[in-house]
Amino acid sequence: MSSTKQKANPFHHLPENLSQIIKNDFIAAGPSDSMSFERYLKLLHEEDDLTPEEVLDIIAGRNSKAGEVFHTAEELLEYLHKNADDD
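All figures in this text were calculated on a predicted structure; none of them were measured in a lab.

Looking only at helices and strands, the protein chain has 4 helices and 0 strands in total. Starting at the N terminus and walking to the C terminus, you meet the elements of the protein chain as α-α-α-α. Pairs at least 24 apart in sequence give 53% of the contacts found in the protein chain among residues at least 6 apart. Approximately 6900 Å² of the protein chain is accessible, and the part contributed by carbon and sulfur atoms is 53%.

Further remarks concern helix H1 (residues 16-29). Taking 1.5 Å of rise per residue, 14 residues should cover 20 Å, and H1 covers 20 Å from first to last C-alpha, within 8% of that figure. What H1 keeps buried is the set Ser19, Ile22, Asp25 and Phe26. For H1, the angular spread of the buried residues around the axis is 125 degrees, confining them to a single face. In H1, the exposed positions that point more than 90 degrees away from the buried face belong to Glu16, Asn17 and Ala28. Buried residues along H1 sit against helix H2 (37-47) and helix H3 (52-63). Where H1 terminates, the next one or two residues include Gly30, which has phi positive at roughly 105 degrees.

Turning to H2, a few remarks are in order. Along H2, the positions that sit buried rather than exposed are Phe37, Tyr40, Leu41, Leu43, Leu44 and His45. Buried-residue contacts for H2 involve H1 and H3. Just past H2, the residue Asp49 takes up positive phi, approximately 55 degrees.

So, on to the confidence of the model for the protein chain. For residues with low pLDDT, the predicted coordinates do not support detailed interpretation. Overall, the predicted model of the protein chain reaches an average pLDDT of 81, with 82% of residues at or above 70. By mean pLDDT, the top-scoring element of the protein chain is H2 (93), and the lowest-scoring one is helix H4 (residues 73-86) (74).

With that settled, the discussion passes to the packing of H1 against H2. One can describe the packing of H1 onto H2 by two numbers: an axis separation of 11 Å at closest approach and a directional angle of 105 degrees. Between H1 and H2, the angle falls in the class roughly perpendicular. Residues Ser19, Ile22, Lys23, Asp25 and Phe26 of H1 form the contact with H2, whose own contacting residues are Phe37, Tyr40 and Leu41. Across the contact of H1 with H2, the residue classes break down as 5 nonpolar, 1 polar and 2 charged.

Moving on, we get to a nonpolar patch on the surface. The grouping of Leu76, Leu77 and Leu80 at the surface amounts to a nonpolar patch, some 250 Å² of accessible area in total. Mapping Leu76 onto the fold places it in helix H4.

Calculation notes
Residues numbered from 1 in each chain as written. Predicted model: local features only at pLDDT ≥ 70, side-chain atom pairs only at ≥ 80, totals over all residues. Heavy atoms only, no water. Helix = DSSP H or I, 4+ residues; strand = E, 2+ residues; numbered from the N terminus. Contact = heavy atoms within 4.5 Å. Areas by Shrake-Rupley, 256 points an atom, 1.4 Å probe, with all protein chains shown as cover. Expected span 1.5 Å × (residues − 1). Buried < 20%, exposed > 50% of the residue type's maximum accessible area, 1.4 Å probe, protein only. Arc of directions from axis to C-beta. pLDDT = per-residue confidence, 0-100. Axes fitted to C-alpha atoms, helices over the stretch in contact; angles between N-to-C directions. Parallel < 35°, antiparallel > 145°, perpendicular 65-115°, else oblique. Nonpolar A, V, L, I, M, F, W, Y, C, P; charged D, E, K, R; others polar. Patch = residues over 30% accessible without salt bridge, like charges linked within 9 Å, V, L, I, M, F, W, Y side chains within 5 Å. Salt bridge = Lys/Arg side-chain N within 4 Å of Asp/Glu carboxyl O.

Structure follows, in structure tokens:
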């Protein structure tokens, strides 16, 4: 038996709403066709060495409009003004 202990998987201790965000992304991305959600969480933790916060940041970045293309300066200005009003 190994003398090193596996760290507890932090994905198992997430609040349900955050776990659901990761699960929805898992289903939408397609790995659910070939592996279970539990296996996916294990791979994220043990093989990819990611934390839940890092995974949630990746999902948020993928779902953001940061890559949005504006075809005119007016579209860009409208977007910037709208976001400034939201702050």
